[in-house]
Amino acid sequence: MDRTLPLADKRILITRSKEQARYFSKQIAALGGTSLEVPLIQFQQVSDTWQVKVDIKANISHFEWIVFTSVNGVKYFFELYQGHLPNKIAVVGEKTKLAMEALGYKVDLVPNRFSAEDLIESFNKEKRSSVLLIQGNLARPLLREELSRIGYNVKQIVVYENVIRVPDEKEWNLVKEGKVDLYTFTSPSTVHNFMELFGLPEGPVATIGPITKHAAEKAGINVAISPSLYTMDGLLEEIVQYFKREDT
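Basis of the calculations
- Residues numbered from 1 in each chain as written.
- Predicted model: local features only at pLDDT ≥ 70, side-chain atom pairs only at ≥ 80, totals over all residues.
- Heavy atoms only, no water.
- Helix = DSSP H or I, 4+ residues; strand = E, 2+ residues; numbered from the N terminus.
- Rg over C-alpha atoms; globule rule 2.2 N^0.38 Å.
- Buried < 20%, exposed > 50% of the residue type's maximum accessible area, 1.4 Å probe, protein only.
- Contact = heavy atoms within 4.5 Å.
- Pairing = 2+ DSSP bridges.
- Axes fitted to C-alpha atoms, helices over the stretch in contact; angles between N-to-C directions.
- Salt bridge = Lys/Arg side-chain N within 4 Å of Asp/Glu carboxyl O.
- Core = buried A, V, L, I, M, F, W, Y, C linked by side-chain atoms within 4.5 Å.
- Parallel < 35°, antiparallel > 145°, perpendicular 65-115°, else oblique.
- Nonpolar A, V, L, I, M, F, W, Y, C, P; charged D, E, K, R; others polar.

**Topic: the overall build of the chain**
Along the chain, the regular secondary structure elements total 10 helices and nine strands. Here the C-alpha radius of gyration of the chain, 19 Å, is about what a compact globule of 248 residues would show, namely 18 Å. Based on the C-alpha atoms only, the size of the chain along its principal axes is roughly 55 × 35 × 35 Å. The 248 residues of the chain split such that 49% are buried. Sequence separation of 24 or more characterises 58% of the internal contacts of the chain that already satisfy a separation of 6 or more.

Given below as structure tokens:
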């Protein structure tokens, strides 16, 4: 191992889903660190797919806007709906935008910052109409409530479920051994599930975005790292800077 790399000898715990962890793990390895993947969430289709398909078909042509708040929303929606979207498209986040563009769609609205709050601000500048929200079962009610409050006709359709994943024995031991230099959380659900399974983390914590930071602090966790740019690259940059400060 090249010990001049910024994350050399650092063991970083990743709690996001297995599919989502790949990029983060590769970047940590490229910077000399060791990623400890212990996924605490997993995503799956809604149990009643027939009803959701009916719901989508019945509503899709009646809303001016359709909103995707995550890549998972895009993935699971198009597993349930094979038609063409007649709506204007809004998204939260660059990766969600790229996922839609990869399917051949032009995204009409994406806020400069990657949060529901910023999307609400963007919609506040548009002519009031109707919005179909495509989300998961643990989505915050904020987007639905605030868009309704400012005058939009809003309907939410839940196309996937975010459920707890219990670690296997090897993963469990990675956490319990305590040889972790940094714990990372990328959603409130990863925070809640870690607390339910393991209790308070025994070391510094990094979170992505103010919502996850708030969830961690509410659970009694002291957050050492929380980037102003709510992306994995932004989080990685802050992690590198943190260890530079700690090692000097």
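**Some details on the environment of G83**
Along the chain, the position of G83 falls in the loop between helix 3 (71-80) and strand 5 (88-91). Separated by 133 residues in the primary sequence, G83 and A216 place their C-alpha atoms 40 Å from one another.

**Digging into the environment of W172**
On the secondary structure map, W172 appears in helix 7 (residues 169-176). The partly exposed category is assigned to W172, whose relative accessible area is 29%. Sequence separation of W172 and S61 is 111 residues, and the distance between their C-alpha atoms is 47 Å. With sequence-adjacent residues up to four places away left out, W172 is seen in contact with P167, L197 and F198.

**A word on the sheet that holds strand 8 (residues 182-185)**
Strand order in the open sheet formed by four strands is 2-1-8-9, and the pairing between neighbours is parallel. Bordering the open sheet on either side are strand 2 (34-37) and strand 9 (205-207), each of which pairs with just one other strand. Adjacent strand axes in the sheet meet at a mean angle of 25°, parallel and antiparallel pairs treated alike. Pairing of strand 1 (residues 11-14) with strand 2, which is carried by four bridges, proceeds in the parallel orientation. If you follow R11 over to strand 2, its bridge partner there is T34.

**Observations regarding the pattern of salt bridges**
Per the counting criterion, the structure on display carries eight salt bridges. A salt bridge links K88 to E64; the nearest nitrogen and oxygen atoms lie 3.1 Å apart. Note that K88 is positioned in strand 5 and E64 in the loop between helix 2 (49-59) and strand 4 (65-68), a separation of 24 residues in sequence. What makes E64 partly exposed here is its relative accessible area of 33%. For R140, the salt bridge identified is with E117, shortest N-O distance 3.0 Å. Highlighted residues: R140 in the loop between strand 6 (130-136) and helix 6 (142-149) and E117 in helix 5 (residues 116-123), separated in sequence by 23 residues.

**With respect to the nonpolar core**
Generally speaking, soluble globular proteins have nonpolar side chains that are buried together. Residues F68, F77, L85, M100 and V159 are the most contacted members of the largest nonpolar core, which totals 27 residues. Of all the elements in the fold, those that place two or more residues in this core are strand 3 (41-45), helix 2, strand 4, helix 3, strand 5, helix 4 (94-102), strand 6 and strand 7 (153-164). The leading source of residues in this core is helix 3, at five residues. Those residues in contact with F77, other than ones at most four positions away along the chain, are I56, I60, I66, F68, L85, I134 and V159.

**Brief notes about the packing of helix 3 against helix 4**
Between helix 3 and helix 4, the least distance of the axes is 8 Å, while the angle of their chain directions is 30°. Overall, the two elements helix 3 and helix 4 adopt an arrangement that is roughly parallel. Residues V71, V74 and F78 of helix 3 lie in contact with helix 4, whose contacting residues are K95, T96, A99 and M100. Here the residues of the contact of helix 3 with helix 4 sort into five nonpolar, one polar and one charged.

**Side note on the side chain of N72**
As for its position among the elements, N72 is in helix 3. Of the residues examined, N72 reaches a relative accessible area of 15% and is grouped as buried. Apart from the residues lying within four places of it in its own chain, the contact partners of N72 are Q20, F43 and Y160.

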